[in-house]
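Summary of the model geometry
Residues per chain, in single letters:
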Amino acid sequence: MRKKKKYFDDKSWCFWEKNNKEFENIIEKSWDSFSFNLKGKTNFLASNQYKYYYIRSINFYKSIIDKILNCSHISLKLGETIKDIIRYKSYYKVITCKNIYLSKNILDTRPNINVFKKKPFMYQTFIGYEIKILKKIRLDQSNAYIMHNMHIDSNNFYFEYILPLKNDVFLFELTAFSNKKISFKIIEHKLKKILSTYLHNSYKLIRKEYGIIPMGFVDTKLIKNYKNYYVSGSLAGSIRPSSGYAFLDIQKWANESTNNLKKYGNLNILNKSEYIKYYLDKIFLKVISSNITMAPKIFYHFSKNIIPNTFIRFMLGRANIIDYIKVIYSMPKRIFLKCLIKN
Ligand SMILES: Cc1cc2nc3c(=O)[nH]c(=O)nc-3n(C[C@H](O)[C@H](O)[C@H](O)COP(=O)(O)OP(=O)(O)OC[C@H]3O[C@@H](n4cnc5c(N)ncnc54)[C@H](O)[C@@H]3O)c2cc1C
């Protein structure tokens, strides 16, 4: 990972929320329902409380850059790769490819896959094409197809993630969960094949997005634990191990730490220990990574048996004890029990 030279429309973020106000100016689209599809059968889930929201990254970046430009005491340095951060008794020295900075506090948000525990761990690799279609397609504009056409190929779990953005504009993404790294070339080739089946190649590419998201648990022993040295984002374990979602958690961290900074002058925030969430994520990831060929059935079974609001609260990390019981109850029992006994 390196510095950014400039901010461009490199990704999009989706999340479930009740009537979102914080990002209302930059939310581009929302969907009332979402779906899971296996072997031609689609299970639609609709919530009476939550919507699935879509933010285009460039609009988010612009809104934040505007705020930064209005703050005379903050400056944004683009195009500088951090080479090293050296700790001294009461300050840090940040060495970049262009400059040296001295600072009392450090907030490190450089993603680092090496801080993740080796097991359970999976890679979530995806490529998305935002396309303008030149041929009609039978997809419901009010539904987000979050796990479509789940299948196994070469011992990897694949699904399509399809977001209808406008009548003729869609985000078509192909995602793989795998134990070993998969090259973008392989996924892009598969995505192109899928698009040719859906659309016979009658589409115009607007933009691409891609990523490899670590699905696992950060080993806190590998994170620098120094005075006035803070970490955030993927580096701090904000990526949900069982799903790869991180956006809302990072925003929550940002809000809480800003309040802390105003009140106490530091970024320390107390992390609520959420043992059940951690435990369920761990079991879930263990089951999926050791039974990858069962993943399509597991996800479909889960989606069939779970109540939409419970599913969403679980995804948001806001589940209550009853939700957790319902989540456990909705998992395919035999396979999860086997894993529990093994571990
Ligand atoms: C394409 C894509 C789509 C995603 N979609 C969703 C979604 O729909 N919903 C959701 O909840 N999550 C989503 N995620 C996951 C997660 O929300 C994002 O990955 C999020 O951006 C992670 O934030 P971060 O701050 O940890 O890392 P980043 O956003 O990657 O920020 C890290 C920053 O550090 C900079 N950097 C790194 N190394 C250096 C260095 N040595 N020197 C200087 N700068 C450096 C990088 O240039 C970058 O600006 C998505 C991720 C990707 C990649």
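Keep in mind that what you see is a predicted model, and the values were worked out from it rather than measured. (Residues numbered from 1 in each chain as written. Predicted model: local features only at pLDDT ≥ 70, side-chain atom pairs only at ≥ 80, totals over all residues. Heavy atoms only, no water.)

As for the overall build of the chain
When you go through the chain residue by residue, the secondary structure sums to eight helices and 15 strands. Relative to the compact-globule value of 20 Å for 343 residues, the chain shows a C-alpha radius of gyration of 21 Å, a close match. Here the C-alpha coordinates of the chain stretch approximately 60 × 50 × 40 Å along the principal axes. Within the chain, the fraction of its 343 residues that count as buried is 49%. Taking the contacts inside the chain whose residues are at least 6 apart along the sequence as the reference set, 71% of them involve residues at least 24 apart. For the chain, the exposed area adds up to about 19,700 Å²; of that, 53% sits on carbon and sulfur atoms. Placing the 60 positive and 25 negative side-chain charges of the chain at their respective mean positions leaves the two points 6 Å apart. (Helix = DSSP H or I, 4+ residues; strand = E, 2+ residues; numbered from the N terminus. Rg over C-alpha atoms; globule rule 2.2 N^0.38 Å. Buried < 20%, exposed > 50% of the residue type's maximum accessible area, 1.4 Å probe, protein only. Contact = heavy atoms within 4.5 Å. Areas by Shrake-Rupley, 256 points an atom, 1.4 Å probe, with all protein chains shown as cover. Lys, Arg positive; Asp, Glu negative; His and termini not counted. Charge placed at Lys NZ, Arg CZ, Asp CG, Glu CD.)

Considering the environment of A176
Considering the arrangement of structural elements, one finds A176 in strand β13 (residues 169-178). With residues up to four places along the chain from it excluded, the contact list for A176 reads Y123, Q124, T125, F157, Y158, I182 and I187.

A short note on the nonpolar core
Core analysis: the biggest nonpolar cluster contains 62 residues, and W16 and L163 have the highest contact counts within it. For this core, the element with the most residues is helix α4 (residues 275-290), which contributes six residues. The two domains that each donate at least three residues to this core are domain 1 (80-117 + 217-264) and domain 2 (275-342). When neighbours within four sequence positions are excluded, W16 is seen to be in contact with F34, Y50, K51, Y52, I146, Y245, L248, F311, I312, M315 and L316. (Core = buried A, V, L, I, M, F, W, Y, C linked by side-chain atoms within 4.5 Å. Domains from an automatic or database assignment.)

Comments concerning the domain arrangement of the chain
It is common to give the size of an interface as the accessible area that goes away when the parts come together. Looking at the chain, the domain boundaries give domain 1 (80-117 + 217-264) and domain 2 (275-342). Averaged C-alpha coordinates put domain 1 and domain 2 at centres separated by 30 Å. Facing the eight residues of domain 1 at the interface are eleven residues of domain 2. Taken together, the two surfaces of domain 1 and domain 2 that pack against each other cover about 860 Å², and 59% of this comes from carbon and sulfur. Broken down residue by residue, the surface that domain 1 buries against domain 2 is led by F217, R240 and S242, which jointly contribute 65%. (Buried area = accessible area lost by both parts, 1.4 Å probe.)

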